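Geometric and topological summary
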Amino acid sequence: METLSDFVDSVEARRKTLEVHTDDAAVATALESQFSTRNVDVTRRQFSDREGDDFVVVRDAEGTFLGALGTDQLEQILSPETHPPQVLADSEVDLGEILDVLDRTVFTSFERRQLVAIVREFEERAWRVGTGTVYVGFQRAEALAAQTPLYNRLARETDLSITVFLDDAADPDRDTADLDLDDSIGVVSPESAEIGQYWFFVFDGGADGELYKCALLAAERTPGSYHGFWTDGPGLVDDLYTYLRTRYVA
Amino acid sequence: MVDDPQSAVTDTGRIEAETLDRLSEARIRALADPRARVVLRHLSEDSTAPLSRLADVVAGSEAAATGSVVGPSERDSNRAVLHHKTLPLLAACGLVDYDPDDCTVTDTTISPAVSALLEQVD
C-alpha cells in the first residue's frame, strides 16, 4: 500500500457477494442480517432442490466464483467453536478468500455521528486495554481541539502511546505547543495531502493483541458525509498501523 | 415416447416400475446422472439458464449434500461435464434445448413423470 486511498480501494475490491440459493426466504433474511455489518452483499436466488440442501455461492467483487457451500456448513463456519478447520480441512478452496467473507470489515458510507460513535467505541477499547499504540488522524485542528481533553486523559491515565496526525497545510504556522496536548502525545504534521483528507483511528491492540486491534479510515466526501471502512480484522489493522508508522512516524 | 403423467409414484414414494417403463431409455439414462437431476430441478423453476449458473448450482448442491466446500476447479470441471455430456444428453431426449455456442439452456420441458421422478430420487 502506498497511500491511504490504496487501503480504501483494496477493502472495496475485497467486497464479496454471498448468493443464497434457497426457496426459504427466511434463510436468506437471516444471513442478510448476519452479514449486515460485514463487507458482503447478500442476494437470494430461488432454488428448490432437496430439503436441507440450501447453499451459498461466494463471489468476489467481479462476480467470479470463489466457492460454494451448504448453508449448514456456513453456519458451522460462523460458529466460533467449529470455525473452521473441520469444515474446510480437505477442501481445495482458497481458505483466505472464503474467510474474507467472515472478516469483520465494514465498508460503507458514514454519517458523521456514526463515525463518532465508532471512534468512541475504539477509544474506550484502547482505554480498557491501557497499553499499546494509538494513531489518530484529524482532518482539522478544530476537530483535534474538541478531543484534546479526552486524549490528554488517555495519555495521563493509561500506558497508551498516542500519536496525533494533523495536516500541516491546514495551519503551517502552528506551533504544536499551541495544541495543549499532553507532552507524552506525539504529534505528526507532515506535508502530505492525504493526512488532511482522512479521519483515522488505529489501535494496535496493546498487550492483549489480536482481540482488541481495531481501525477506522474514512474520507469526507461531502460535508458531514464520509466514505471508508472500520475493521476488527487484525491483518488489516496491522497493515494500516505499519503504513502510518513507517511512512510518518519511524 | 410420451411419458405417462399418471401414477408416477406410489404413496410410499417409490418409483413405480411401470413409470420407469414409460420413460424412454434415453431419459432414464440421462436422469441417472445426479448432475442432470440437479440441473432439471433448477430449470423447473426457470426454464432458461446460462451454463455458468447451472455449474454453480451443481457445485452448491454437491457442497450441501456432502458437507464440503466446492472450489473453483471442481466447479469448472462440473461445468465441462455439463457442457460436453449432461446437457447434450438432456437435449437429445427432448428435456432441454441447449445452445452449445452460447452455452445457454434456452428452453426446458419437464413432463409430470419426469417431475415426479425428480421429486423422489435424490
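Here the residue numbers are simple positions, counted from 1 along each chain's written sequence. Numbering of ligands from 1 and lettering of chains from A proceed in the order in which they are written. The model is predicted, so local features are restricted to residues of pLDDT at least 70 and side-chain atom pairs to those at 80 or more, both for listing and for counting; the totals for chains, interfaces and linings are taken over all residues.

1. Looking at the overall build of chain A
Check the secondary structure of chain A and you find nine helices and eleven strands. Split into buried and exposed, the 250 residues of chain A put 37% on the buried side. Contact between residues is assigned whenever the C-beta positions, reconstructed from backbone atoms, fall within 7 Å. Within chain A, contacts between residues separated by at least 24 positions form 64% of all contacts whose residues are at least 6 apart in sequence. We count a stretch as a helix when DSSP gives it H or I for four or more residues in a row; a strand needs E for two or more, and each element gets its number in order from the N terminus. Comment: burial labels come from other C-beta atoms within 10 Å of the residue's own C-beta, placed from the backbone, where a count of 20 or more is buried, 12 or fewer is exposed, and between is partly exposed.

2. Section: the overall build of chain B
Scanning chain B from terminus to terminus reveals six helices and four strands. Burial analysis of chain B (122 residues in total) assigns 39% to the buried set. When contacts within chain B are restricted to residue pairs at least 6 apart in sequence, long-range pairs at least 24 apart make up 55% of them.

3. As for the nonpolar core
Nonpolar side chains tend toward joint burial in soluble globular proteins. For the purposes of this analysis, a nonpolar core is taken to be any set of buried Ala, Val, Leu, Ile, Met, Phe, Trp, Tyr and Cys residues that are connected through C-beta atoms within 7 Å. Among the nonpolar cores identified, the biggest contains 46 residues, and A:Val56, A:Ala68, B:Val39, B:Val58 and B:Ala63 are the most heavily contacted of them. At eight residues, helix α4 (residues 51-66) of chain B tops the list of elements feeding residues into this core. In this view, A:Val56 contacts A:Leu18, A:Glu19, A:Val20, A:His21, A:Ala68, A:Leu69, A:Thr71 and A:Leu74; residues no more than four positions away in its chain are not counted. One finds A:Phe122, A:Val134, A:Leu144 and A:Phe229 within the second-largest nonpolar core, a separate group that totals 42 residues.

4. Focus: the pairing of strand β7 (residues 161-166) of chain A
Residues and elements named next belong to chain A. Whether two strands pair comes down to DSSP finding at least two bridges between them. Pairing geometry for strand β6 (residues 133-138) and β7, over six bridges, is parallel. Paired with Val134 across the strands is Ile162, a residue of β7. Bridging between β7 and strand β8 (residues 186-188) involves three bridges; their strand directions are parallel. In the sheet register, Thr163 faces β8, and the bridge partner there is Gly186.

5. Let's talk about the packing of helix α3 (residues 34-45) of chain B against α4(B)
Residue and element names in this part refer to chain B. Here an angle of 0 to 180 degrees is reported between the N-to-C directions of two axes, which are lines fitted to C-alpha atoms, with helices fitted over the stretch in contact. Look at α3 against α4: their axes get within 9 Å of each other, and the N-to-C directions meet at 115°. The handedness of the crossing between α3 and α4 is right-handed. Where α3 approaches α4, its residues Arg35, Val38, Val39 and His42 are matched on the opposing element by Leu54, Val57, Val58 and Ser61. Class assignment for the residues of the contact of α3 with α4 results in five nonpolar, two polar and one charged. The sense of a crossing depends on the near helix, which, turned anticlockwise from the far helix by less than a right angle, makes the crossing left-handed and, turned clockwise, makes it right-handed. Note on residue classes: Ala, Val, Leu, Ile, Met, Phe, Trp, Tyr, Cys and Pro are nonpolar, Asp, Glu, Lys and Arg are charged, and everything else, Gly too, is polar.

6. Re unusual backbone geometry
Here the phi dihedral of B:Cys103 falls at roughly 55°; this positive angle occurs in a residue that is not glycine. Secondary-structure assignment places B:Cys103 in the loop between β3 (96-99) and β4 (104-108).

7. Here's the deal with the sheet that holds strand β3 (residues 55-59) of chain A
If you trace the five strands from one edge of the open sheet to the other, you get β2(A)-β1(A)-β3(A)-β4(A)-β2(B), paired in mixed fashion. If you trace the sheet from one side to the other, it starts and ends with β2 (40-45) of chain A together with β2 (69-70) of chain B, each paired once. As paired elements, strand β1 (residues 16-21) of chain A and β2(A) share six bridges and run parallel to each other. Residue pairing for β2(A): A:Val20 is matched across the bridge by A:Arg44.

8. Some thoughts on the confidence of the model for chain B
Residue and element names in this part refer to chain B. For every residue, the predictor reports its confidence as pLDDT, a number between 0 and 100. Chain-level pLDDT for chain B is 83 on average; 81% of the residues reach the 70-or-more range. β3 holds the highest mean pLDDT among the elements of chain B, 96, whereas helix α1 (residues 17-22) holds the lowest, 60. Confidence drops under a pLDDT of 50 for residues 4-13, and excluding neighbours within four residues, the segment shows 19 contacts in the predicted structure. Model confidence for the complex is summarised by a pTM of 0.67, with the ipTM given as 0.78.

9. Considering α4(B)
Residue and element names in this part refer to chain B. Along its 16 residues, α4 runs 22 Å from first to last C-alpha, staying within 8% of the 22 Å computed at 1.5 Å per residue. Within α4, twelve of the 16 residues are buried, which leaves the element mostly enclosed by the surrounding structure. Within α4 the residues assigned to the buried category are Leu51, Leu54, Ala55, Asp56, Val57, Val58, Ala59, Gly60, Ser61, Glu62, Ala63 and Ala64. Looking one or two residues past α4, Gly67 carries a phi angle of roughly 70°, positive in sign. How far a helix is expected to stretch is found by multiplying one less than its residue total by 1.5 Å.

10. As for the sheet that holds β3(B)
Within a sheet, each strand pairs with its neighbour through backbone hydrogen bonds, oriented either parallel or antiparallel. The sheet built from three strands is open, its strands ordered β1-β4-β3 (chain B) with antiparallel pairing. Where the open sheet ends on each side, the last strands, each with one partner, are β1 (49-50) and β3 of chain B.

11. Describing the packing of α3(B) against helix α5 (residues 72-92) of chain B
Residues and elements named next belong to chain B. The geometry of α3 relative to α5 is characterised by a closest axis approach of 10 Å and an angle of 80° between their N-to-C directions. The orientation of α3 relative to α5 falls into the category roughly perpendicular. Side by side, α3 and α5 meet where Arg35, Ala36 and Val39 of the first sit next to Asn78, Val81, Leu82, Thr86 and Leu90 of the second. Broken down by class, the residue content of the contact of α3 with α5 amounts to five nonpolar, two polar and one charged. An angle counts as roughly parallel when it lies under 35 degrees, as roughly antiparallel when it exceeds 145, as roughly perpendicular when it falls between 65 and 115, and as oblique in every other case.

12. Here's the deal with helix α9 (residues 234-249) of chain A
Every buried residue belonging to α9(A) is among A:Leu236, A:Val237, A:Leu240, A:Tyr241 and A:Leu244, and all of these are buried. Looking straight down α9(A), one finds that the buried residues subtend no more than 130° of arc, so they occupy a single side. Note that the arc is computed from the directions linking the helix axis to the C-beta atoms.

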